[in-house]
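Breakdown of the fold
What follows is the residue order along each chain.
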Amino acid sequence: MRRILIAAWICILAAVVASSWLYRRSTRFDFIIGQAAARHGVDFHLVKALIYEESWFRPGIRGAAGEVGLMQITRAAAADYTKRTGFPGYRPEQLLDPALNVEIGCWYLKDSLTRYRNSPHPELFALLRYNAGETPTRNWLRLTLESPPPAGAEPETHFLSLVDYPKTRTYAGRILKRWRQQRYWF
């Protein structure tokens, strides 16, 4: 009887772990994310890690500063997207549509990656810009270029130590960690 009970608990535990494993690896938005990431040439797993940090895959979420949706798009980023891509006008509530939200977010992320492609860590600086904006990120890049990592120091850790916005530093570090983990899940 005891062995049967132990076996049952092992089966239940295995089912919980398996369902957690599947949840962490796939979402109902994966197709949308994959399509937009491919269109813009950004890493699918980086986008998923960013969405996880921004909204935990909740499409209707709204931020305190007016950012909305899965990728927490601001009206300024959406306006920049429409201006630079020729996308027709939109109503603000349309930014909650997962497909449009992820499209604009992937476009903005690609723009950031392109802008910082010659930096010591393009993904890090793209994420810093995504969270804190252009001016602080430019300043952090300048500090990074003026202060290379000491011998034996992890470059990413050193670059993050130069970010003087604690929430942005934590934000970028968590996304990069999750991104590295996700790339090995599949």
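Above this text is the structure in question.
This is a predicted model, so every value here is computed, not measured.

Here's the deal with the overall build of the chain
- Within the chain, the secondary structure is distributed over nine helices and zero strands.
- From first element to last, N terminus to C terminus, the chain shows the α and β order α-α-α-α-α-α-α-α-α.
- Looking at the 186 residues of the chain, the share that counts as buried comes to 42%.
- Only carbon and sulfur atoms are counted for the fraction: they give 59% of the accessible area of the chain, which is about 10700 Å².

Observations regarding the packing of helix H6 (residues 122-132) against helix H9 (residues 166-183)
- Viewed as axis vectors pointing N to C, H6 and H9 meet at an angle of 135 degrees, and their least axial separation amounts to 9 Å. Regarding the angle of H6 to H9, the classification is oblique. Our pair here, H6 against H9, has a crossing hand that is right-handed. Contacts between H6 and H9 pair Glu123, Leu124, Leu127, Leu128, Tyr130, Asn131 and Ala132 from the former with Thr168, Tyr171, Ala172, Ile175, Leu176 and Trp179 from the latter.
- Residue composition of the contact of H6 with H9, by class: 10 nonpolar, two polar and one charged.

Structural notes on the pattern of salt bridges
- As enumerated under the stated definition, the model contains 14 salt bridges in all.
- One salt bridge connects Lys48 with Asp30, and the closest N-O pair in it is separated by 3.1 Å. Separated by 18 residues along the polypeptide, Lys48 in helix H3 (residues 44-55) and Asp30 in helix H2 (residues 30-40) bring together distant segments of the chain. Each member of the pair, Lys48 together with Asp30, is buried.

What to know about the packing of aromatic side chains
- Under the counting rule described, the total for this entry stands at nine aromatic pairs.
- Relative to Trp56, the ring of Tyr52 lies with its centre 6.0 Å away and its plane at 25 degrees, an arrangement referred to as stacked.
- Considering the side-chain rings of Tyr116 and Phe125, the 6.1 Å spacing of their centres and the 35 degrees angle between planes classify their relative orientation as tilted.
- Looking at Tyr116, the relative accessible area reads 3%, which means it is buried.
- By relative accessible area, which is 1% here, Phe125 ends up buried.
- Three or more aromatic residues joined by ring pairs make a cluster, and in this case those are Tyr81, Phe87, Trp107, Tyr108 and Tyr130.

Structural notes on the environment of Ala126
- Position of Ala126 among the secondary structure elements: in helix H6.
- Residue Ala126 is classed as buried on the basis of its relative accessible area of 0%.
- Taking the C-alpha atoms as reference, Ala126 lies 8.4 Å from Thr114; in sequence the two are 12 residues apart.
- Ignoring any residue separated from it by four or fewer positions in sequence, one finds Ala126 in contact with Leu109, Ser112, Leu113 and Tyr116.

A word on H9
- Taking 1.5 Å as the rise per residue, H9 with 18 residues should run 26 Å; its terminal C-alpha atoms sit 26 Å apart, in good agreement.
- When H9 is considered as a whole, its buried residues turn out to be Thr168, Tyr171, Ala172, Ile175, Leu176, Arg178, Trp179 and Gln182. Down the axis of H9, the sector holding all buried residues measures 165 degrees, keeping them to one side.
- Of the surrounding elements, those touching the buried residues of H9 are H3, H6, helix H7 (134-146) and helix H8 (155-161).

Rules used in this analysis
- Residues numbered from 1 in each chain as written.
- Predicted model: local features only at pLDDT ≥ 70, side-chain atom pairs only at ≥ 80, totals over all residues.
- Heavy atoms only, no water.
- Helix = DSSP H or I, 4+ residues; strand = E, 2+ residues; numbered from the N terminus.
- Buried < 20%, exposed > 50% of the residue type's maximum accessible area, 1.4 Å probe, protein only.
- Areas by Shrake-Rupley, 256 points an atom, 1.4 Å probe, with all protein chains shown as cover.
- Axes fitted to C-alpha atoms, helices over the stretch in contact; angles between N-to-C directions.
- Parallel < 35°, antiparallel > 145°, perpendicular 65-115°, else oblique.
- Left-handed = near helix turned anticlockwise from the far one by under 90°.
- Contact = heavy atoms within 4.5 Å.
- Nonpolar A, V, L, I, M, F, W, Y, C, P; charged D, E, K, R; others polar.
- Salt bridge = Lys/Arg side-chain N within 4 Å of Asp/Glu carboxyl O.
- Phe/Tyr/Trp six-rings, centres within 6.5 Å; stacked < 30°, edge-to-face > 60°.
- Expected span 1.5 Å × (residues − 1).
- Arc of directions from axis to C-beta.

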